[in-house]
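Here is how the chains run, residue by residue.
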Amino acid sequence: MLVVFVRHGESVNNLRGFMDPEATYEASRDPDPELTWNGIQGGIRCASYLSRIVTFMNTQKKKHSDKLEASGGRKHSESDILQDAARDTDALDREAIGQALVQDDQGTPLKIRVLCSPFKRAIASADILAAVLPGVTEIAIVPHIHEVGGLFGSDGGKTAVVGPTAAEILKSNRVHTRLRAHLNSSSEITPPAGKATPPADEAKVVKQRREPDGVTEYLASCRDDIPITAEYLPKSGPWWNRGRERVVEAADRAKRFIGELQSGEFGEGVDALVVIGHGLFLDVIWRQLLGVSEDMDVAFVTHNWGISTLTVEGGKWTISCINDASHIPLESRIPHSVKRIHRTPY
């Protein structure tokens, strides 16, 4: 099965963490921030790019199906397909770009499930991708893939933060719905008051626009019927009601999630999974998958909207790419705080 990890789009905290002094940021951080407009724009680019990747993978799958028939039945694995795709360097331009639908060998759409955490930035990112990515059947909210630390405020996590309930999450407006409302009410999209308003000099650094490029074209191709499901969330009460999570708990969550992917927990009835992740939690996952010990001072950085592709077959992983951010312009990326990543022990 193909598994695609995508880090969520740029959030208000990402922007403020880069622009503001650390003490100022820590004192004013939002426990559950929204995406910035730069983050939404990156999502539109990522959706287009990821659609091409999935289409390309399917093109290679069909090629191997044809080879299978010609070779008398030798089975080709997903890793074989990836290796062939790497050799066939011009196949993307010749066959994949411009295909309207992702189709399997029988001509039916591939089925893709999108997984995301209950954080607003993760759900919004999943929503942006799922609305235009061919073959998506649902967005499933999975609480135990949340960011390291969980929900915590400006006091460093000493005070318990209460998260939303499943019902409250499901009632929130979809990203494309909000964008359409803004476009219908005004010629200029404006950020929510007090939420995504950037510092005055932000434009000099990340060139964030009021209206994301390509939003009109994006909305024209959006599907409005992708359901968001909450079967993995608590049946009643908030999904989070405690202080800051300990790092060892995050490592345990990563091991659990890797085991679930290996066992096919989330893959029944679908051909691929797209997992909307968080920067620090993706770092923990890579450390677990690659066997990086706790005493090694190594960190894995993933940009906002960075894409990593893997396959899992019979409990074995094939890693094809980590942090492909080629679809996001350099001037739109937020540099990572390496100091903040390395000071977090795993």
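Numbering of residues starts from 1 in each chain and follows the order in which that chain's sequence is written. Given that this is a predicted model, residues contribute local features only at a pLDDT of at least 70 and side-chain atom pairs are listed and counted only at 80 or more, while totals for whole chains, interfaces and linings are drawn from all residues. Only hydrogens and water are removed before side-chain values are computed, so all heavy atoms of the structure are retained for them.

Trainee: I tried to follow the environment of glycine 156 on my own but got confused; where do I start?
Mentor: Put simply, DSSP marks the helices as runs of H or I at least four residues long and the strands as runs of E at least two long, and each gets a number from the N terminus on. For glycine 156, the location among the structural elements is in the loop between strand E3 (136-141) and strand E4 (161-162). Remark: exposure states derive from per-residue accessible area (1.4 Å probe, protein chains only) relative to the maximum for the residue type, with buried under 20%, exposed over 50%, and partly exposed in between. Given the relative accessible area of 38%, glycine 156 is considered partly exposed. Separated by 87 residues in the primary sequence, glycine 156 and glycine 243 place their C-alpha atoms 8.7 Å from one another.

Trainee: Looking at this structure, I do not really get unusual backbone geometry. What am I missing?
Mentor: Leaving glycine out, the prevailing phi sign among residues is negative, and the prevailing peptide bond configuration is trans. A positive phi angle, near 70°, is found at tryptophan 305, a position not held by glycine. Residue placement: tryptophan 305 occurs in the loop between helix H12 (279-290) and strand E8 (307-313). For asparagine 323, which is not glycine, the phi dihedral falls at a positive 60°. Positionally, asparagine 323 belongs in strand E9 (residues 316-324).

Trainee: Honestly, the nonpolar core in this entry has me stumped. Any pointers?
Mentor: Generally speaking, a soluble globular protein has its nonpolar side chains buried in company with each other. Ranked by internal contacts, the top residues of the largest apolar core, which has 52 residues, are Val6, Leu50, Tyr218, Val274 and Ile276. Broken down by element, this core gets its largest block of residues, nine residues, from helix H3 (residues 37-70). Should any heavy atoms of two residues lie within 4.5 Å, those residues are counted as being in contact. The contacts of isoleucine 276, once residues within four sequence positions are left out, are Val6, His8, Val114, Leu115, Cys116, Ser117, Ala122, Ser125, Ala126, Leu129 and Ile145. To define a nonpolar core, start from buried Ala, Val, Leu, Ile, Met, Phe, Trp, Tyr and Cys residues and group those joined through side-chain atoms within 4.5 Å. In terms of nonpolar packing, the next biggest core, distinct from the first, is built from 27 residues, Phe257, Val270, Ile285 and Val292 among them.

Trainee: For this particular structure, what's the right way to read the pairing of strand E7 (residues 272-277)?
Mentor: Every regular strand shows the same layout, with side chains that alternate between the two sheet faces. For E7, the tally of buried residues reaches six of six residues, placing the bulk of the element in the interior. With burial as the criterion, each face of E7 is covered, one bearing Ala272, Val274 and Ile276 and the other bearing Leu273, Val275 and Gly277. What makes two strands pair is DSSP finding at least two bridges between them. The pairing of strand E2 (residues 112-116) with E7 spans five bridges and is parallel. Note that in E7 the partner of leucine 115 across the bridge is valine 275.

Trainee: Just checking my understanding: could you explain the sheet that holds E2 for this structure?
Mentor: Sheet strands associate in pairs through backbone hydrogen bonding, adopting either a parallel or an antiparallel arrangement. Read across the sheet, seven strands follow the order E5-E3-E2-E7-E1-E8-E9 without closing on themselves; strand pairing throughout is mixed. The open sheet has two edge strands, strand E5 (228-229) and E9, and neither has a second partner. Relative to E7, strand E1 (residues 2-7) runs parallel, the two sharing six bridges. Following the sheet pairing, phenylalanine 5 is matched in E7 by valine 275.

Trainee: When you look at empty space enclosed by the protein in this model, what are you seeing that I'm missing?
Mentor: The definitions used throughout rest on a 1 Å grid laid over the protein atoms alone, on which a cavity is an enclosed set of points accommodating a 1.4 Å probe that cannot get out and a pocket is an open set flanked by protein within 12 Å on both sides along at least five of seven lines; lining residues are those having an atom within 4 Å of a point. Grid points are joined across faces, edges and corners, and a volume is the space filled by probe spheres set on the points. Applying the stated criterion to the full structure yields one cavity of 30 Å³ or more. Lining the largest cavity, in full, are Glu10, Asn38, Gly39, Gly42, Arg45, Asn304, Trp305, Ile328, Ser332, Arg333 and Ile334. When its residues are assigned to classes, the lining of the largest cavity shows three nonpolar, five polar and three charged. Each residue is assigned to one class: nonpolar for Ala, Val, Leu, Ile, Met, Phe, Trp, Tyr, Cys and Pro, charged for Asp, Glu, Lys and Arg, and polar for all the others, Gly among them.

Trainee: What's the story with the layout of surface pockets in this structure? I'm lost.
Mentor: Any space left empty among the atoms is revealed by the rolling of a water-sized probe across them. Computed from the structure, the second largest pocket encloses a volume of approximately 450 Å³. What lines the second largest pocket is a set of 28 residues, and nearest its centre among them are Glu34, Lys120, Ser172, Asn173 and Arg178. Those elements giving two or more residues to the lining of the second largest pocket turn out to be H3, helix H6 (120-130), E4, helix H7 (166-171) and helix H8 (175-185). At four residues, the largest contribution of residues to the lining of the second largest pocket is made by H6. Considered class by class, the residues forming the lining of the second largest pocket number 16 nonpolar, five polar and seven charged.

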